[in-house]
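So the chains spell out like this:
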Amino acid sequence: MGSVEQTRAAARCGSAWLLRPVRRTPPTDLVRRVAERGIGTVALTGRDTVPGSVRFVHAALAAGIRPVFGVDVAVAVHP
């Protein structure tokens, strides 16, 4: 069996368009930083939406990086 080298980073990255107060990184900067580190896949997450996803996917594909999306969905429990 051959050896497979993987570069993996676990990160929770929100875009600059999020409405809640968090550390904000424009999607294009996120992709640039990932590309500099040689990581081949990056995820952009959001709360109830994924703002900035169009710019994110265009930047990722242009850099040869696979874009992934994630959403934290708020669910209200009604008795």
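Residues numbered from 1 in each chain as written. Predicted model: local features only at pLDDT ≥ 70, side-chain atom pairs only at ≥ 80, totals over all residues. Heavy atoms only, no water.

### Examining the overall build of the protein chain
Counting its regular elements, the protein chain contains two helices and two strands. Looking at the protein chain residue by residue over its 79 residues, the buried ones come to 28%. Here the contacts in the protein chain between residues at least 6 apart in sequence split such that 58% fall between residues at least 24 apart. A total accessible area of about 5,900 Å² is found for the protein chain, and carbon and sulfur atoms account for 54% of it. (Helix = DSSP H or I, 4+ residues; strand = E, 2+ residues; numbered from the N terminus. Buried < 20%, exposed > 50% of the residue type's maximum accessible area, 1.4 Å probe, protein only. Contact = heavy atoms within 4.5 Å. Areas by Shrake-Rupley, 256 points an atom, 1.4 Å probe, with all protein chains shown as cover.)

### Some details on the pattern of salt bridges
Should the charged atoms of two oppositely charged side chains come close, the side chains can pair. Applying the stated rule across the entire model yields three salt bridges. Between Glu36 and Arg32 there is a salt bridge, with the nearest N and O atoms lying 3.1 Å from each other. On the criterion of helical spacing, the pair formed by Glu36 and Arg32 is a turn pair, its members being four residues apart in helix H1 (residues 27-36). You can call Glu36 exposed: its relative accessible area is 54%. Each of Asp29, Arg32, Glu36 and Arg37 takes part in a single network of salt bridges with overlapping partners. (Salt bridge = Lys/Arg side-chain N within 4 Å of Asp/Glu carboxyl O.)

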